Amino acid sequence: MKLNEIQENLNFLYKDGDSNERNILESVDFLKNNKVPNSKIELWKYTSLSSLQGIDFSLDAKEELNQLSITKILQDKDIPLNSIIIPIANGKLMNNSFEADDRFSIEIREIEKLNEYAKNYHPLQSVEFDYFYHLNTVLAQKEIHLQIHKNSDPIQIVLLFISQSDRNSFISPRVRIELEENSNAKIAYKFINLSESEILSNLFSEIVLKQNAILDFYVIEDGLENFQAINNINIVQERDSKLTSNSFTNNTKFIRNFLRLYFTDENCEAILNGLFIGNNKDLIDNHILIEHIKPNCHSNQLYKGILNDSSIGIFNGAILVHPNAQKTNAFQTNRNILTSDLAKIYTKPELEIYADDVKCSHGEATGFIDDEMLFYLRSRGISEENAKKLLLQAFAVDVLNKFQWVEIKEPIESHISANLEV
Amino acid sequence: MSLLKITNLKANIENKEILNGINLEINSGEIHAIMGPNGSGKTTLASVLTGKKEFQVTDGTVEFDGKNLLEMPPEERARLGLFLAFQYPVEIPGVSNANFLRLALNEKRKYNGLDPIEPAAFFKIMREKAKIAKIEQDFLTRGVNEGFSGGEKKRNEIFQMAILEPKLAILDETDSGLDIDALKIVAEGVNAMRDPSRSFLIITHYQRLLDYIVPDFVHVLFNGRIVLSGTKELALELEEKGYDWIKEEFATA
Amino acid sequence: MAEQNNLIEEITKSEYKYGFVSNIDQDITPKGLSEEVIHFISQKKNEPDFVLQFRLKAYRAWQKMKEPTWQKVHFPPIDYQDMHYYAAPKSSSKTKTLAEIDPEILDTYQKLGIPLEEQKVLAGVAVDAILDSVSVATTFKEKLQDLGIIFCPISEAIQDYPELVKQYLGSVVPYSDNYFAALNSAVFTDGSFVYIPKGVRCPIELSTYFRINAAQTGQFERTLIIADEGSYVSYLEGCTAPMRDENQLHAAIVELYTHKDAEIKYSTVQNWYPGDKEGRGGIYNFVTKRGLCAGDNSKISWTQVETGSAITWKYPSCILKGDNSIGEFYSVALTNNYQQADTGTKMYHIGKNTRSRIVSKGISAGKGDNSYRGLVRISKSAENSRNYTQCDSLLIGDQCGAHTFPYIEIENKSSIVEHEATTSKISDESIFYLNQRGISTEDAVGLIVNGYAREVIKQLPMEFAVEAQRLLSLSLEGSVG
């Protein structure tokens, strides 16, 4: 089935009586009344889905993974082995593959209602109007629910999103994570594609940080050939919670990350770091929406992009400060380098501010490698090519250094160094 | 003649009592110094006198030039001749020193029934007064305190005082953080402005400044009250003995 | 009194000699817009066929278009069939005397320091002031004619210089550009036409102020300025005093065209009626302004100070087609009470080594809503291009909003684009500091706001800058404290 055929096949995808869940019914309704987004829709202005439109996807990718292949993945890929590793194959949880622990629990549940904060606020950017959120809801039908227990000891978890199929497949992972009061977790979403056919992964994930919870969060999309992903991730923060979100995208054909973040009470903090590197004809789209709903919260974003070859980068960072969200601090920095005349970057940093006692800023800069620095290095005898690599490395490492999880950071760092080896 | 008369002044901020009944009288032409350990209420006293709204006056009266000071908005107090050299002058980017001062001076003149000063005449005054605070010409066109060093900010305060010619100038720790050369410039500026019709209230933590500006009276502020008053010898005594004995002697008071 | 009225009529007749207001009763078209109305307008103005065809094409395009909805402003729907598209401007106000004018307006004029004679002009009652202006305008006209500069109403240019008009009309803003531009193209009534010949540096600032009818140009004004090779002109638009205008909707077009080595500097101080404190009334200002740097090394610079109108919707833009061409946009937009502004610029870099600079200063007070919306587009051909954008918001009070929506599109590796935005408020600390120096809170706010806006205001010609500063302070009256 092709993307634009979904609408006419809704009755086939969703048979009456499959589920009485209101969420699902609402989503079916949305899909009936809306088409696959195109560039006329503001949030898809620069992100063309045309490369995906032609692909005929199968909607029931078989799980063909066993424990053996998991073990093999763990040997091959850069995965922090001192963590709890939860494999999710083609969107389905592989239950027997990890040791249970009193710090967390995991189960399959009915899809939970969207958090009230994620609704009704930003009228256009809310996930409620996102086609792929609804498509995920209809196709996933259930969700993987991960609970990090109250007052538990720090925990490290890697969710391995593995795709494997012998034909073009559309998969719909659905994960909900709840960090209870005073919990402290490092959680990574790591994508692995074993398929030689085309995969379109459409993930929706809601993460709730309860009071005083601390989350160090990673989304790693690296070296995923034949892989296109749409990731809608909603994070809801309650009082005194702290989030660090780290995103790394490299060598992946098509990525649309939409991170929506809601500060629902006072004294929340979020630091968002992102590094994206586009090669060949990659398209990498990072959308971020941060809603400061209550006073005294702090957000700080640093996103950097390197666009090589004919790749296209998109960065859209919106900050919305609600009335009464006084003493808000919201900062955003976006820096991009184009290394090729065929590469493109489209950025749109938005500030919408309805409170007066706030400090908000954004800074964007796009350019080529700094000429003076380049000349300085070359005047010391370094070739132009190597000098450029050195400078690009410095540009990238600036973001990577903010990644706290060493076992995640190091493989990326050596990967980049290898790519940019002098 | 009494210029400033403070009677049993009490004030608090966020329900915390900072001033506990200040009594102080300053006559025209006198220089008073207020000393005291950190947190004794020195800056609060300056803030209350100039009308900073965060502080609530709960009791007492302040008469300035025969008028009830506490009833006036800050700008009126200033037009009446009260000047505060701030401890931490704020930076106001984009607003040039010259424009802002001409406006301030003309507001004061208007208050006193005088005609405004024309730009040309004002620039003449500025050039003259700039010498007193030893400030450069480019100072005048820069934004108020914008990107100024600590010393430059303090000199700018003295310069403003020279332009506005107040009846009473309060110097709030103007000497803190200054090297000896900058301190001398500040002191010379004040001394150049000494006049039988002008008084000074010098708030300081260190006796050093009083070597250059010799006060007629020295008061010690502690726990929101003036616990000791004397002449310049008192300052020397404090310098020698420190504030600890004050704390011991008046802690329970 | 009767004598005075006669005199007024005589003067207006002679001024609008191209039939604009020859007979008030007959020259009002019925409400609504149709091809007949357009034929009527064109015929009344005795226009050549190409203008009529231009209008008709625009009208047909407009009929197929929808009113834009993407902007961040809200207003009740406009009924385009419920207005006159060709009418005698403000006939009623001509018979007023100064005593009949709203005292609030007079008070405002007073505060702005506008001389009594000018007040009369603005209120539409003056006779002698108009006479003064006539002589002033004529003197300048002669001086300009000697240099070969054409400066006249566009309706006059259509009659006297049809080739020039034909060549450039719609060359920068096509009739189908957007909803309001199409509407304007169909029904525009008047506006300015300027042509600066090769190598001529216009010795004075050209201003609508010197054109009598400027104070009463209708709601669909159209301005066309052409700077031929190596020429320079500085043009001032608008009125430095508040304009009480009965037209609710204003949909103007300004087209600028620079040839090789030419420069146009276009300054606006816009202070149309913003509506009252409760948000009733006020002008809807939907304007399309665009400049084309067609020749190499040419330059177009927009400066605007926007304090009026209930709704401001304008994006003065530059198309940097010539190599090394430069585009600039300096803007202060202030919204108070219930005013809404959605304004910004578009910089299209097409030629090599093109440069653009954007400085936008938004000020929101009361319940005002202020949005900056901008586009910087560096196309593939625009090698070594540069853009710098600074976009600041100042908030006064906690019920207003400040928003920025910059679009940055870069398709070329050798270019550098920088964008910075900040939001701040007027701190109590700053106000107190100025209070302590004897400055009232209102004046303190005025000082701080003018300091904040200085980078833009200093781009304006001297007299304009002074007025702009006054306007900023005046528009904020009562917003603090």
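The rules behind each value
Residues numbered from 1 in each chain as written. Chains lettered and ligands numbered in written order. Predicted model: local features only at pLDDT ≥ 70, side-chain atom pairs only at ≥ 80, totals over all residues. Heavy atoms only, no water. Pairing = 2+ DSSP bridges. Helix = DSSP H or I, 4+ residues; strand = E, 2+ residues; numbered from the N terminus. Contact = heavy atoms within 4.5 Å. Axes fitted to C-alpha atoms, helices over the stretch in contact; angles between N-to-C directions. Buried area = accessible area lost by both parts, 1.4 Å probe. Salt bridge = Lys/Arg side-chain N within 4 Å of Asp/Glu carboxyl O. Polar contact = N/O pair within 3.5 Å; in protein donor to acceptor, adjacent residues only side chain to side chain. Parallel < 35°, antiparallel > 145°, perpendicular 65-115°, else oblique. Nonpolar A, V, L, I, M, F, W, Y, C, P; charged D, E, K, R; others polar. Domains from an automatic or database assignment.

Caption draft 1: Layout of the sheet that holds strand S4 (residues 55-64) of chain B. Residues and elements named next belong to chain B. With respect to topology, 4 strands assemble into an open sheet ordered S2-S1-S4-S5, the strand pairing being antiparallel. In this open sheet, the two edge strands, each paired with only one partner strand, are strand S2 (16-27) and strand S5 (67-68). Examined bridge by bridge, strand S1 (residues 2-13) and S2 share 9 bridges and lie antiparallel to one another. Of the residues in S2, the one forming a bridge with Ser2 is Asn27. Lying over the sheet, helix H1 (residues 42-50) contacts S1, S2 and S4, oriented at roughly 110 degrees with respect to S1.

Caption draft 2: Focus on the interface of chain A and chain C. Residue-level contacts link 35 residues of chain A with 32 residues of chain C. Between chain A and chain C the total buried area reaches about 2,700 Å² when both faces are included, carbon and sulfur atoms providing 49% of it. Per-residue buried area on chain A facing chain C is highest for Asp341, Tyr354 and Asp356 of chain A; these three make up 21% of the total on that side. Connecting chain A to chain C are 0 salt bridges. Where chain A touches chain C, the interface holds 15 residue pairs in polar contact (both at pLDDT 80 or more). For the side of chain A that touches chain C, the elements supplying multiple residues, two or more each, are strand S17 (344-353) and strand S18 (359-367) of chain A.

Caption draft 3: Spotlight on the packing of helix H7 (residues 384-400) of chain A against helix H8 (residues 406-419) of chain A. Residue and element names in this part refer to chain A. Two elements in contact, H7 and H8, have axes separated by 11 Å at closest approach and are oriented at 175 degrees. Overall, the two elements H7 and H8 adopt an arrangement that is roughly antiparallel. Side by side, H7 and H8 meet where Gln393, Ala396, Val397 and Leu400 of the first sit next to Lys409, Ile412, Glu413, Ile416 and Ser417 of the second. Its residues placed into classes, the contact of H7 with H8 shows 5 nonpolar, 2 polar and 2 charged.

Caption draft 4: Quick peek at the interface of chain B and chain C. With 28 residues of chain B at the contact, the number on the chain C side is 18 residues. Between chain B and chain C, roughly 2,100 Å² of surface is buried when both sides are summed, and carbon and sulfur atoms account for 64% of that area. It is Glu75, Phe86 and Val90 of chain B that lose the most area in chain B upon contact with chain C, and together they represent 23% of the buried surface on that side. Joining chain B to chain C, the criterion identifies 1 salt bridge. The closest approach of N and O atoms between Glu157 of chain B and Arg437 of chain C, which form a salt bridge, is 2.8 Å. Our count for the contact surface shared by chain B and chain C stands at 10 residue pairs in polar contact (both at pLDDT 80 or more). Taken together, the residues that form the side of chain B that touches chain C break down as 15 nonpolar, 7 polar and 6 charged.

Caption draft 5: Summary view of the domain arrangement of chain A. All names here are of chain A. Looking at the assigned domains, one finds that chain A contains domain 1 (3-368) and domain 2 (371-422). Relative placement of domain 1 and domain 2: their C-alpha centres are 28 Å apart. Contacts between the two partners involve 31 residues from domain 1, matched on the other side by 18 residues from domain 2. Buried surface at the junction of domain 1 and domain 2, both sides included, amounts to about 2,100 Å², of which 76% is carbon and sulfur. Area buried by domain 1 at its contact with domain 2 is led by Tyr218, Leu275 and Lys304, which between them contribute 22% of it.

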